[in-house]
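# Descriptive analysis of the structure
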Amino acid sequence: GWADGGYDRIDELASPEDFKGKWNHWAFTKNAVAGTMKVYLNGQLWHQGTGKTKPMNDITKFTVGSRGSLGNDGYYEGMIDEFCIWNMELSEATIQEWMFREVTNSHPYFQNLVAYYKFDENNGFYTSDFSPYNLSAELTGAPQWTNYKGKDRIKNFGFSPLRPMIMIEKGTYDAGNMDSVLV
């Protein structure tokens, strides 16, 4: 709705315990037919509203990480790892299943993905779109690119049923005859 004179909004004050000093997965959904808007924090319904039936048609520009006015105090004091836009409401189960994974074409609603920014460039003022639309986005201001250490990574972890068997030996050995397997 901008053309019809307004838009729908829900808001809720988050406590610092909800977000401060840790990674969180936030998902915002809207179903204009049902009139529902929902906010999920780490896969759990955190806030919702009803009576929100204005369509989201003809959006050509949006701002992430700042207020639209871009005033001196309008920036987001946090880090963003990925940003996705879908043209349909994802279910709570789908959000939970994919919140710690990168979106791939094996996602059940990949064709409904309108924009997918990973922010993996590590420099510059543009970020690539990995959705079917492939529309890069301009980054304004002074983006501060960060590379995360292994302990700080939150996505794409795989689990293995294998357990390491470790043997520690003392003595003289020939380093040229060592064998190892990296898992």
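A brief structural summary.

Cut-off values and rules
Residues numbered from 1 in each chain as written. Predicted model: local features only at pLDDT ≥ 70, side-chain atom pairs only at ≥ 80, totals over all residues. Heavy atoms only, no water. Helix = DSSP H or I, 4+ residues; strand = E, 2+ residues; numbered from the N terminus. Contact = heavy atoms within 4.5 Å. Areas by Shrake-Rupley, 256 points an atom, 1.4 Å probe, with all protein chains shown as cover. Salt bridge = Lys/Arg side-chain N within 4 Å of Asp/Glu carboxyl O. Buried < 20%, exposed > 50% of the residue type's maximum accessible area, 1.4 Å probe, protein only. Core = buried A, V, L, I, M, F, W, Y, C linked by side-chain atoms within 4.5 Å. Lys, Arg positive; Asp, Glu negative; His and termini not counted. Polar contact = N/O pair within 3.5 Å; in protein donor to acceptor, adjacent residues only side chain to side chain. Phe/Tyr/Trp six-rings, centres within 6.5 Å; stacked < 30°, edge-to-face > 60°. Lys NZ or Arg CZ within 6 Å of the ring centre and 35° of its normal. Pairing = 2+ DSSP bridges. Axes fitted to C-alpha atoms, helices over the stretch in contact; angles between N-to-C directions. Patch = residues over 30% accessible without salt bridge, like charges linked within 9 Å, V, L, I, M, F, W, Y side chains within 5 Å.

## Describing the overall build of the protein chain
Scanning the protein chain from terminus to terminus reveals two helices and seven strands. Of the regular secondary structure in the protein chain, the N- to C-terminal order runs α-β-β-β-β-α-β-β-β. Restricting the contact set of the protein chain to residue pairs at least 6 apart, pairs at least 24 apart contribute 41%. Element-wise, carbon and sulfur atoms account for 52% of the exposed surface of the protein chain, whose accessible area totals about 14,500 Å².

## Remarks on the pattern of salt bridges
The full count for this structure, using the stated rule, is three salt bridges. A salt bridge links E97 to R101; the shortest N-O distance between them is 3.8 Å. You can call R101 partly exposed: its relative accessible area is 33%.

## Examining the nonpolar core
Counting nine residues, the largest nonpolar core consists of A27, Y40, W86, L90, I95, V103, F110, L113 and Y116. Sequence-distant contacts of I95, that is, excluding residues within four places in its chain, are made with H25, A27, T29, Y40, G43 and L90.

## Structural notes on the side chain of K52
Here K52 lies in the loop between β3 (44-49) and β4 (83-86). Within the buried set, K52 has no salt-bridge partner at all; the shortest N-O distance to an opposite charge, 5.2 Å, is to D8. Among the polar contacts listed, one links the side chain of K52 to the backbone oxygen of R9, at a separation of 3.2 Å. The contact partners of K52, leaving out residues within four places of it in the chain, are D8, R9, I10, K30, N31, A32, G35, T36 and M37.

## Here we look at the packing of aromatic side chains
Summed over the entire model, instances satisfying the criterion amount to four aromatic pairs. Measuring from ring centre to ring centre gives 6.3 Å for W26 and F28, while their planes differ by 10 degrees; the resulting arrangement is stacked. By relative accessible area, which is 30% here, W26 ends up partly exposed. With a centroid separation of 6.5 Å and 35 degrees between ring planes, the pair formed by Y117 and F119 is classed as tilted. Cluster of aromatic residues (ring-pair linked, three or more members): W26, F28 and W46. The cationic tip of R101 hangs over the ring face of W98; the distance from NZ or CZ to the ring centre is 3.7 Å.

## Focus on the environment of N24
Its place among the elements puts N24 in the loop between α1 (16-19) and β1 (26-31). Through-space distance from the C-alpha of N24 to that of G43 is 9.5 Å; in sequence the pair is 19 residues apart. Among the polar contacts listed, one links the side chain of N24 to the side chain of N42, at a separation of 3.0 Å.

## Digging into the sheet that holds strand β2 (residues 36-41)
The three strands are arranged β1-β2-β3 in an open sheet whose pairing can be described as antiparallel. For this open sheet the edge positions go to β1 and β3, each flanked by a neighbour on one side alone. Sheet twist, expressed as the average angle between the axes of neighbouring strands with direction ignored, equals 20 degrees. Pairing of β2 with β3, which is carried by five bridges, proceeds in the antiparallel orientation. Within β3, the position partnered with M37 by the bridge is G49.

## Some details on a nonpolar patch on the surface
Residues M56, I59, F62, V64 and I80 make up a contiguous nonpolar surface patch of about 440 Å² in total accessible area. Position of I59 among the secondary structure elements: in the loop between β3 and β4.

Nothing here speaks to function; it is geometry throughout.
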